[in-house]
Amino acid sequence: MLTRALFLSALLAPGGVPDLAAVTPPDSFAIRAARVHLGGGVVVENGMVLVEDGRITASGANVTVPDGVPVIEHEGDLSAGMIALHDHSATRGENYDSTRAILAEAQLVFALDVGHSDLARLASEGVTSIVVAPGPQALVGGITAVVKTTGRAVKRRAQLDVSLSSISLRAARFPTSYAGAVAELTRRFEEAEGAFADAAAGKLPVLLRVGPRHEVQRAVEFAKRLKLVGALYGAPRAGELADAIKAANLAVILPPFDPGDDSRGPKSAVQLAAAGVPFGFALDAPARHPASLRLGAAACMRAGLEPSAAWDALTSGAAAIAGVDGYIGSLAPGMDADLVLWSGPPLDLGSSVVAVYVDGKRVFGGDE
Amino acid sequence: MRLFATWLACSLAAGAAASPIFAPDVRPGTAQEGETLFIKAGRLIVKPGEVLDNAQVIVRGGLIIEVGTGLAKPEGAREIEAAVVCAGFIDPWSTLGVDAASVRDDRTGIATRTVDAIDVFSNDRLRLETLRSGVTSVRTQAGDKSKFGGIGAIVHVAPGTSREAVVVLADANVAASVGLSRGGRKMDVFDRVSEIDKLISEIESGRKYEEDLTEYEHELTEWKVEVAEKEAKLEKDFKKAKKSRTKKVEEAEEKGKEFKEKKYKDIKKPKPPKFDLDKEIMARVARGELPLVVQAHRAGEIRELLDLTEPFDRLRLVITGGTEAVAFAEELAERRIPVIVWPAPLGTTRADELSGHDLGLAGRLADAGVRVLIGSGGSSASRDLPLLAGVAIGHGLDRAAAFEALTLGAARTFDVADRIGSVERGKLADLIGLDGPPLVSTSRVRYVIVGGEVVLTPEN
Amino acid sequence: MMLLLFAGPLLSLAGSPSVHEGVTVYAERLYTSTGEVVENAAIRVEDGKIAAITGGTEAPDGDDVLRAVAVTAGMIDASVRIHTGNFSVEDAHEIQPHRRVAEALDPFDYRWKRMLRSGVTTGLVCPEDRNVIGGFGVVLKMGGEPSIAARTVKADAVVRGAIGGEPSRGNHPARGRPSDFYSRRPTTRMGVEWEWRKAFYDASAAARIPERAFPGSDVLQAVLAGRVPLSIQAWTTQDIRTAVFLKEEMQREGLGEIDLIIDAAAEAWKEPQLLTRSGVKIILPPFDADGRTGPDGAFIAWNVAKMLQDLGVPIALSSHGASDPTQRLARQAGYAMRGGLTFDEALAAVTLQPARMLGVEDRVGTVEVGKDADLVLWSGTPFEITSRITGVLLDGAVVIDPRQ
């Protein structure tokens, strides 16, 4: 399926001594695929992506491949890697410090064990980046990070995690009530120290953890009052409040979908799309299997979501929510070379992952 | 129509207590009892491996009465058109329609019948969503995780007001499980051995019961012959005997003695084995009349199960789960033991027996020649079966094999292939119309027909 | 067919409060709660308010006319206990008068609709009684746009607290090092009472010495000044006495005049002179068949409402948002009548009395021109066991339609 044609012209130079100047950097290559999903709904038949130094330097139908750059021929589909917007992989449960309700300056990037097998598992399902998020118990759990499945951080300070969910009110410490939580959070944002200052100034997006609809309503009002930017996470029925969410300029990170889950979750995606609310998907591995990410998107399509909107939510839309759309989420030139080679259309659950590249390095699959 | 109207009224009553209840009006053109349907398919998947382009299907009286190309539309028939038409999907491992208490019940026995627990009114929304996903039949099971779940049933996922209206096959299988962690407690080797031994001894006692019954019938026949012979002889000797008796009575009187009647030695009538419903059912299992569906996951259990069931040459074993079944793929293929796989993406929070759960299981087993079926893991979420099949395909199962697993394969395993599982003359009209190939995530189900009744159209 | 299936929820949406252009309710008998009964009354409703009442008239024709045998004002439940579980109250401190339960409510909760169906259009919701002073209660409409802000009739209507076993339940004395705040809070009734007194004395001190201000001291000062009523839950005689003594002590010590409402005062009948002497108002809990009610097994007598009424103590009845149909507010009025209340007194105890107690009588509690069009339509004489609630209007919107 995956054939690699090597053009080792340099090695054939006179005298058999490689001319070092002419040798292409080892991580330069091009991939030609039957269908290339560039992003934004654009699919190019027989397209090509050129990768140099871990970045995409050209992509589309007419790509000129420099001499000496190997071209990988792929009979299936090629896309950007998927992004899981809320995840706990490779943190070994060390993503929540139970001694404090508010730990705003904690950086989740330091909870990550970069060598952990969780990350390889993510890659094998086509997930190349995750947002490392704290456990659900904290009121403010720290600052999330966008991390590649190789462990490389794309963004160390992605969002300030803030909870208005009842899950954070169950510990025997202040606060145990919605009113107490709102009051305490308001005070912190108004005092505006450290991460709260950045968030209050709109420089650091917030990740507002919520659950049932009244929590969504409370969080939307909270965000509006304090003029916060960011996304809601964890509200399966957020779609029913899409207009209010839109008015507050917030995005939504839908909770992961398991077989048997209430169908109102996937329906939410359709409602959010109709209202023009940006949304993406959480994964919450390792408690969830990485394959759940595409399963959730498929369930949304079954509920009526357009495939192009579903794909955006897994890639470029997700990158925008995480604030990393300048680096990942599409195959545009200049982007990181996070590539997934599929046996067929990536949104079909029946397509399998053939190979995965992160920053131009193959991390899964292939012939060798 | 009538049935459906009632179901609808009930669903309204249950679903929206505050909203006013209207009697549904009867729109002409919705499915009537015995309505004739003329279904035009851009591509008709008659059965796995057999496809007709631009084909038509005629349905009348709930049955498929004609399948072919160039068929004319019968007069007055309702016309339905879809890009792709195929048989409705079958979930061979479900608990849909069985109330939660019956599913969880761990005191079910061999003779527990799932049909007795089916609640045709349960969860209208879920049933409707199941139909929307293209699943039209399920094998549903009370006590699915019990040591003995009892007799499973094949039922239609359909509006119905009675069990009779939805049951396709009341006695589809006997279900059992071995090695499941119960109440969070892990199994140890002793639990496992005792569960398998219990299962085997039940099969054995079923077979013994069967043998005793056969022996009894044999003895009874012999007894009847013997009695008949004796009666004939008696008849023949009657006059002679009467004469001799009269003489002997007279002699006795002369001697002043009491006459003693000569006694015939009675032939003892053979006794039937003591009636036992469990054994009666296990006898049907032992002679292969009902498949035995055993949920088993770990290699140790599967090994033992295969070894101990081998002597029962007519037993039809079906394994569900089979987390570590790959190790025995060849044997399973050789002994034609189907495996019902649950390809759900599971994270680290899962039951102990599912550790090592692999989405590639279905593909690996199928590659080794095992008949693989796909089920929703004994949940009521049959709705998500087509998605799970997609996951299995994405992890190595051949697309055609997956389609067969969801249609004719499941029907064959549970002896309902003469009624459902393909689009052929004489079968129940369980059909789905899609706008693209089945089991492709971007295809949408446009029409669903169950037993000849159109239960889903793009308009609703 | 299937279309109709989905029409179900849509119809119920249509029934949710979208203010109608105008509607006329025609009642054979209109009980206005002002002591007046209007025969053959046409009540014109416009813009959510009662626009006109015409007595002794023929029933007008038209699609916008709703008919009923009897009409009353929408009932007011003075103790609606519909919370978001434990999260409606802050456990971390025993005294928090400044918290607001309104911030913790769920407008999507199905129980609001149940209140509406039982004829209750307005109610007081207080924090759950898990600490000594739990914070502000709020007077809400039971329906309307699903947002607490939109449904609020009066924010910060009362300050809520509790006396009795509940504020100390689950707390425990610290053994060794305290592991959480439950090991530090009052564990006895005496401790609870001390917290009450301390809070008021501290607040009073804070009024004089600004450095001693603490979160909520301003709220307690408002309570002492009588600007915000104080609602105390006290079921038993012992607890009712403690509540009254607290009020009297503040009075005696010159700290202030507390406008005290005792909620769930099941045993108020035992020492009536205490109540008349101190001028408190009483909210009665739901009646109970065998008399025993509440967490401490307080005894409620059938004639308690009658007794208090005769003593001139202002009373309101409540259902506690009960799910049991035999405990809903209309039944409570019936039970109070069985105990001796007249019809007018019983009607007042579920309409005008609670409206006055909560300071919302300018908007709700009677059927008068200019007031909110919250109406209950009955199939017969209200509170009779044979009478049924056929329709409910909330702010002029037909939320339970008698025509369906």
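Residues numbered from 1 in each chain as written. Chains lettered and ligands numbered in written order. Predicted model: local features only at pLDDT ≥ 70, side-chain atom pairs only at ≥ 80, totals over all residues. Heavy atoms only, no water.

Asks: Would you mind showing me how to read the overall build of chain A here?
Replies: Looking only at helices and strands, chain A features nine helices and 18 strands. The C-alpha radius of gyration of chain A comes to 22 Å, within 12% of the 21 Å expected for a compact globule of 368 residues. Dimensions of chain A, computed from C-alpha atoms along their principal axes, come out at roughly 80 × 40 × 30 Å. Element-wise, carbon and sulfur atoms account for 53% of the exposed surface of chain A, whose accessible area totals about 13300 Å². When the 32 basic and 39 acidic side-chain charges of chain A are each reduced to a single mean position, those positions are 7 Å apart. (Helix = DSSP H or I, 4+ residues; strand = E, 2+ residues; numbered from the N terminus. Rg over C-alpha atoms; globule rule 2.2 N^0.38 Å. Areas by Shrake-Rupley, 256 points an atom, 1.4 Å probe, with all protein chains shown as cover. Lys, Arg positive; Asp, Glu negative; His and termini not counted. Charge placed at Lys NZ, Arg CZ, Asp CG, Glu CD.)

Asks: What is the right way to read the sheet that holds strand β15 (residues 375-378) of chain C from this model?
Replies: Strands in a sheet are paired, the pairing made by backbone hydrogen bonds, and the direction either parallel or antiparallel. Residues and elements named next belong to chain C. If you trace the seven strands from one edge of the open sheet to the other, you get β3-β2-β1-β4-β15-β16-β17, paired in mixed fashion. Each edge of the sheet is formed by a strand with only one pairing partner; in this case those strands are β3 (49-54) and β17 (397-400). Here the strands of the sheet are splayed against their neighbours by 40° on average, with no regard to which way each runs. Alignment of β15 against strand β16 (residues 389-394), held across four bridges, turns out to be antiparallel. The partner of Leu375 across the bridge, within β16, is Leu393. On top of the sheet, helix α2 (residues 110-117) reaches β16 and β17; it is set at about 100° to β17, its chief contact. (Pairing = 2+ DSSP bridges. Axes fitted to C-alpha atoms, helices over the stretch in contact; angles between N-to-C directions. Contact = heavy atoms within 4.5 Å.)

Asks: I tried to follow the sheet that holds strand β15 (residues 279-281) of chain A on my own but got confused; where do I start?
Replies: Residue and element names in this part refer to chain A. One open sheet accounts for six strands, arranged β8-β11-β12-β13-β14-β15; its pairing is mixed. Looking at strand neighbours, the two that pair on one side only are β8 (142-143) and β15, the edges of this open sheet. Taken together, the three bridges between strand β14 (residues 251-254) and β15 define a ladder with parallel strand orientation. For Val252, the partnering residue across the bridge sits in β15 and is Phe279. Sheet strands in contact with helix α6 (residues 264-275) are β14 and β15, and its direction is about 165° off that of β14.

Asks: Could you clarify how one ought to interpret the domain arrangement of chain A in this entry?
Replies: As a measure of interface size, the accessible area lost when the parts come together is often cited. Residue and element names in this part refer to chain A. Under the domain assignment, chain A is made up of domain 1 (2-80 + 329-365) and domain 2 (82-321). Relative to domain 2, the C-alpha centre of domain 1 lies at a distance of 32 Å. Taken together, the contacts link 22 residues of domain 1 with 26 residues of domain 2. Taking both sides of the interface into account, the surface hidden between domain 1 and domain 2 amounts to around 1800 Å²; carbon and sulfur atoms contribute 66%. By the criterion of area lost to domain 2, the three top residues of domain 1 are Gly329, Leu347 and Leu349, representing 34% of everything that side buries. Across the contact surface, domain 1 and domain 2 share five salt bridges. Arg152 is the salt-bridge partner of Asp336, the closest N and O atoms lying 3.0 Å from each other. Where domain 1 packs against domain 2, one counts nine residue pairs in polar contact (both at pLDDT 80 or more). (Domains from an automatic or database assignment. Buried area = accessible area lost by both parts, 1.4 Å probe. Salt bridge = Lys/Arg side-chain N within 4 Å of Asp/Glu carboxyl O. Polar contact = N/O pair within 3.5 Å; in protein donor to acceptor, adjacent residues only side chain to side chain.)

Asks: It is not clear to me how the interface of chain A and chain B should be interpreted in this structure. Could you clarify?
Replies: Taken together, the contacts link 30 residues of chain A with 26 residues of chain B. Note on chain A versus chain B: buried area summed over both sides is about 2100 Å², and carbon and sulfur give 54% of it. The largest share of the area that chain A buries against chain B comes from Arg302, Asp348 and Leu349 of chain A, three residues that together contribute 25% of it. There are three salt bridges connecting chain A and chain B. Arg125 of chain B is paired through a salt bridge with Asp262 of chain A; the nearest N and O atoms lie 3.6 Å apart. In this structure, the connection of chain A to chain B is made through 13 residue pairs in polar contact (both at pLDDT 80 or more).

Asks: I would appreciate a short explanation of the packing of aromatic side chains in the present structure.
Replies: Here the distance between the centres and the angle between the planes together describe a pair of aromatic rings. Residues and elements named next belong to chain C. All told, the structure shown has 16 aromatic pairs over all chains when counted by the stated rule. With centroids separated by 6.4 Å and ring planes inclined at 80°, the aromatic side chains of Phe287 and Tyr335 adopt a geometry described as edge-to-face. Taken as a pair, Phe287 in the loop between β11 (281-284) and β12 (292-293) and Tyr335 in helix α9 (residues 329-338) lie far apart in primary sequence, 48 residues in all. Comparing Phe287 with Tyr335 shows no difference in burial state: the two are buried. Ring pairs connect the aromatic residues Tyr31, Phe343, Trp378 and Phe383, which therefore count as one cluster. (Phe/Tyr/Trp six-rings, centres within 6.5 Å; stacked < 30°, edge-to-face > 60°. Buried < 20%, exposed > 50% of the residue type's maximum accessible area, 1.4 Å probe, protein only.)

Asks: Please explain the domain arrangement of chain C as it appears in this structure.
Replies: Residues and elements named next belong to chain C. Domain boundaries in chain C define domain 1 (12-73 + 366-404) and domain 2 (75-364). Taken over C-alpha atoms, the centre of domain 1 sits 30 Å from the centre of domain 2. Contact residues are listed per partner, giving 25 residues for domain 1 and 26 residues for domain 2. When domain 1 packs against domain 2, close to 2100 Å² is buried across both sides, 65% of that on carbon and sulfur atoms. For the domain 1 face of the interface with domain 2, the top three residues by lost area are Ser33, Phe383 and Leu394, together amounting to 30%. Connecting domain 1 to domain 2 are four salt bridges. The residue Asp372 makes a salt bridge to Lys141 at a minimum N-O spacing of 2.7 Å. Summed over the shared surface of domain 1 and domain 2, the result is seven residue pairs in polar contact (both at pLDDT 80 or more).

Asks: I tried to follow helix α8 (residues 304-311) of chain C on my own but got confused; where do I start?
Replies: Since one α-helical turn is 3.6 residues long, residues separated by three or four positions face the same way. Residue and element names in this part refer to chain C. Those residues of α8 that sit buried are Val304, Ala305 and Leu308. Across the axial projection of α8, the buried residues extend over an arc of 95°, all falling on one side. Packed against the buried residues of α8 are α7 (272-278), β11, β14 (315-317) and α9. In the segment just after α8, Gly312 is the residue with positive phi, at about 85°. (Arc of directions from axis to C-beta.)

Asks: What exactly am I supposed to notice about the packing of helix α2 (residues 178-191) of chain A against helix α4 (residues 213-225) of chain A here?
Replies: Packed helix pairs are specified by the crossing angle of their axes together with the interaxial distance, meaning the distance between the axes. All names here are of chain A. Taken N-terminus to C-terminus, the directions of α2 and α4 make an angle of 20°; their axes are 12 Å apart at the nearest point. Overall, the two elements α2 and α4 adopt an arrangement that is roughly parallel. In terms of crossing hand, the pair formed by α2 and α4 is right-handed. Two secondary-structure elements touch here, α2 through Tyr178, Val182, Leu185, Thr186 and Phe189 and α4 through His214, Glu215, Arg218, Phe222 and Arg225. The residue inventory of the contact of α2 with α4, partitioned by class, reads five nonpolar, two polar and three charged. (Parallel < 35°, antiparallel > 145°, perpendicular 65-115°, else oblique. Left-handed = near helix turned anticlockwise from the far one by under 90°. Nonpolar A, V, L, I, M, F, W, Y, C, P; charged D, E, K, R; others polar.)

Asks: What should I look at first to understand unusual backbone geometry in this one?
Replies: Excluding glycine, a negative phi dihedral is what most residues carry, and trans is how most peptide bonds are arranged. Going from Phe174 of chain A to Pro175 of chain A, the amide bond is cis rather than trans, its omega being -5°. In this structure, Pro175 of chain A sits in the loop between β11 (160-163) and α2. The omega torsion of the bond from Ala285 of chain A to Pro286 of chain A falls at 5°, within 30 degrees of zero and hence cis. Turning to its location among the elements, Pro286 of chain A is positioned in the loop between β15 and α7 (292-302). Look at Asp53 of chain A: it is not a glycine, yet its phi comes out positive at around 55°. Along the chain, Asp53 of chain A falls in the loop between β3 (42-52) and β4 (55-60). The residue Asp156 of chain C is not glycine, and still its phi comes out positive at about 50°. Tracing the backbone through its elements, the reader meets Asp156 of chain C in strand β8 (residues 152-162).

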